[in-house]
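Reading the structure
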2 protein chains.
Amino acid sequence: KKDKIWDLVSLHDSVSVILFNTDRQVLVLVRQFRPAVYYNSVPEEGRQASGHVDTSKYPGCSGITLELCAGIVDKKVSLEEMAQLEALEECGYDVPLKNFDHVKTFRSGVGVSGDRQTMFYAEVTDKMKVTEGGGLEAEGELIEVVEMGLQEVKELMAKPEITAPVGLLFALTWFLQHKAPSNTTTTAT
Amino acid sequence: KKDKIWDLVSLHDSVSVILFNTDRQVLVLVRQFRPAVYYNSVPEEGRQASGHVDTSKYPGCSGITLELCAGIVDKKVSLEEMAQLEALEECGYDVPLKNFDHVKTFRSGVGVSGDRQTMFYAEVTDKMKVTEGGGLEAEGELIEVVEMGLQEVKELMAKPEITAPVGLLFALTWFLQHKAPSNTTTTAT
């Protein structure tokens, strides 16, 4: 029997959270610089054989993505506890565990990596905001917390292209369908 | 000025297609074995240091995913033409180019890879079915074409976990919302 050999990347499973601030009716998302997205936005002629890129020619902002609060499961805690940790570290919200509702578990990738991601939904209030968030500097994270109103979410979803992972598209669609405050003009579309 | 160094995977951009057979009111999807998904489904104690896995203990079916018809852009053709090629190779449908409607362009990954994926929607008929599909053997593809009715799609979307990439979840949600034949009991939820 012949061995089958594949090249693949083994990644930790991950969690993500759709955070909705009910006090101000905004979704709490994160913007961050993603090296792989940046590199893929540079045309081939701008990539040197060594992998070097001239950042004066290709501005770093093309590598900035919009994402859900998320993180890899690198601790021996429950998925809800992991999501709770990320909400605090990245977005500065101290959210009770009972607020985390399971949305869906799926594969975040199927080609090179095949890791499992679990998505939660959690409603938060201004009272739970205890720090600025922004991620852990020690982990090299540079995260900007973004608040987005319902109208802005709908405008974003109407754009033909979005520098965001498809997981965010699923999350926003799910949110608009299941959780967004009812609005007769929306349900009519 | 210090160089910043990152490890990342550079992937080709890709296309995917939501294929809907209007004659029989079924979505046309693909099932395939994904080594990375399989490997990630094996608990750590089942993975040898060499990366070997005992396939008699961990059945290969845990690596089978449900996905949209899709492929990487490895030819100098338009994205629509690439989607057309994949619909033929994978699903056996010879679809006119004008049938491909753009749904959304996004990043299929943001962590390790940052490649762009463009999703299309195309309606097909039984007349367009010219081969069995199944992918190109020369490219090592082993693809099963799956037809799924609307009720089955809704049941799938109701499951808490799904061995599918999140792109499929977005696609199915988008389809149910924008294209599924109207059904008053559905729009009321």
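Details of the structure are given in the entry above.
Being a predicted model, the structure only gives us computed values, none of them experimental.

Quick notes on the relation of the copies chain B and chain A
Between chain B and chain A, the superposition needs a rotation of 180° and an axial shift of 0.0 Å, giving an RMSD of 0.0 Å. The transformation relating the two chain copies, once decomposed into turn and shift, fits a two-fold axis. Every residue of chain B has its C-alpha some distance from the rotation axis, and the shortest such distance is that of B:F170, at 2.2 Å. Most of the interface of chain B is mirrored in chain A, where 100% of its interface residues again form contacts.

Details of the side chain of A:N99
As for its position among the elements, A:N99 is in the loop between α2 (79–91) and β5 (100–107). In this structure A:N99 touches A:Y121, A:A122, A:E123 and A:M128, once residues within four positions along its chain are discounted.

A short note on the nonpolar core
Nonpolar side chains tend to gather and get buried jointly when the protein is soluble and globular. Counting residues in each nonpolar core, the largest one holds 56 residues, and the members touching the most others are A:I18, A:F170, A:F175, B:I18, B:F170 and B:F175. In this structure, A:F175 is in contact with A:I18, A:F20, A:L27, A:Y121, A:L150 and A:A180, ignoring residues within four places of it in sequence.

As for the interface of chain B and chain A
Taken residue by residue, the interface counts 49 residues in chain B and 49 residues in chain A. Sorting the residues of chain B by area buried against chain A places B:R107, B:V110 and B:V166 first, and these three jointly supply 16% of that buried surface. For the interface between chain B and chain A, the tally reads two salt bridges. Its salt-bridge partner being A:E161, residue B:R116 comes within 2.8 Å of it at the nearest N-O pair. On inspection of chain B and its partner chain A, the count reaches 14 residue pairs in polar contact (both at pLDDT 80 or more). For the side of chain B that touches chain A, the secondary-structure elements that each account for two or more residues are α1 (35–41), β3 (64–67), β5 (101–107), α3 (150–158), β8 (161–165) and α4 (166–178) of chain B. Along the lines of polarity and charge, the residues of the side of chain B that touches chain A split into 21 nonpolar, 17 polar and 11 charged. Two strands pair when backbone bridges link them, and β5(A) and β8(B) are joined in this way by two bridges, in the parallel orientation. Among the inter-strand pairings, A:R107 is bridged to a residue of β8(B), identified as B:P165.

What about the environment of A:V42?
All names here are of chain A. The topology assignment puts V42 in the loop between α1 (35–41) and β3 (64–67). C-alpha separation for the pair V42 and V53, spaced 11 residues apart in sequence, amounts to 8.0 Å. Setting aside anything within four residues of it in sequence, one finds V42 in contact with R47, V53 and Y58.

Digging into the packing of α3(B) against α4(B)
Residues and elements named next belong to chain B. Orientation of α3 relative to α4, taken along the N-to-C sense of each, is 130°, at an axis distance of 11 Å. Accordingly, the angle class assigned to the pair α3 and α4 is oblique. Remark: the crossing between α3 and α4 carries left-handed chirality. On α4, the residues touching L150, V153, K154, L156 and M157 of α3 are L169, L172, T173, F175 and L176. In terms of residue class, the contact of α3 with α4 is made up of eight nonpolar, one polar and one charged.

What about the pairing of strand β1 (residues 14–21) of chain B?
Residues and elements named next belong to chain B. Among the eight residues of β1, eight are classified as buried, and the element is accordingly described as predominantly covered. What you see with β1 is no split at all: S14, S16, I18 and F20 on one side and V15, V17, L19 and N21 on the other are buried throughout. Pairing of β1 with strand β4 (residues 69–72) involves four bridges; the strand directions are antiparallel. When the bridges of β4 are listed, S14 appears paired with I72. Where β1 and strand β6 (residues 116–124) come together, eight bridges link them in parallel fashion. When the sheet's bridge partners are listed, N21 is paired in β6 with V124. Summarising the sheet, β1 and strand β2 (residues 26–33) pair through three bridges and their orientation is antiparallel. Looking at β2, one finds that L19 is bridged to V28. Counted between consecutive antiparallel strands, the loop separating β1 from β2 contains four residues, among which Q25 sits at a positive phi close to 55°.

Some words on unusual backbone geometry
The phi torsion at A:Q25 lies on the positive side, around 50°, for a residue other than glycine. Relative to the assigned elements, A:Q25 resides in the loop between β1 (14–21) and β2 (26–33).

Topic: the pairing of strand β6 (residues 116–124) of chain A
Residues and elements named next belong to chain A. Burial within β6 is extensive, with seven of its nine residues counted as buried. One ladder, built from seven bridges, connects β5 with β6; its direction is antiparallel. Residue pairing for β6: H102 is matched across the bridge by F120.

What to know about the packing of aromatic side chains
Evaluated as defined, the whole model comprises 10 aromatic pairs over all chains. Relative to A:F120, the ring of A:F100 has its centre 6.2 Å away and its plane inclined at 90°; by these criteria the two rings are edge-to-face. Here A:F120 lies in strand β6 and A:F100 lies in strand β5, a separation of 20 residues in the sequence. Of the two residues, A:F100 and A:F120, neither departs from the other in class, the shared state being buried. Taken together, a centroid distance of 4.9 Å and an interplanar angle of 55° make the contact between B:F20 and B:F175 tilted. Taken together, the positions of B:F20 in strand β1 and B:F175 in helix α4 put the pair 155 residues apart, joining distant regions of the chain. Judged by its relative accessible area of 0%, B:F175 falls in the buried class. Of the aromatic side chains, those joined through ring pairs into one cluster are A:F20, A:Y121, A:W174 and A:F175.

The rules behind these values
- Residues numbered from 1 in each chain as written.
- Chains lettered and ligands numbered in written order.
- Predicted model: local features only at pLDDT ≥ 70, side-chain atom pairs only at ≥ 80, totals over all residues.
- Heavy atoms only, no water.
- Least-squares fit on C-alpha atoms with pLDDT ≥ 70 in both.
- Contact = heavy atoms within 4.5 Å.
- Helix = DSSP H or I, 4+ residues; strand = E, 2+ residues; numbered from the N terminus.
- Core = buried A, V, L, I, M, F, W, Y, C linked by side-chain atoms within 4.5 Å.
- Buried < 20%, exposed > 50% of the residue type's maximum accessible area, 1.4 Å probe, protein only.
- Buried area = accessible area lost by both parts, 1.4 Å probe.
- Salt bridge = Lys/Arg side-chain N within 4 Å of Asp/Glu carboxyl O.
- Polar contact = N/O pair within 3.5 Å; in protein donor to acceptor, adjacent residues only side chain to side chain.
- Nonpolar A, V, L, I, M, F, W, Y, C, P; charged D, E, K, R; others polar.
- Pairing = 2+ DSSP bridges.
- Axes fitted to C-alpha atoms, helices over the stretch in contact; angles between N-to-C directions.
- Parallel < 35°, antiparallel > 145°, perpendicular 65-115°, else oblique.
- Left-handed = near helix turned anticlockwise from the far one by under 90°.
- Phe/Tyr/Trp six-rings, centres within 6.5 Å; stacked < 30°, edge-to-face > 60°.

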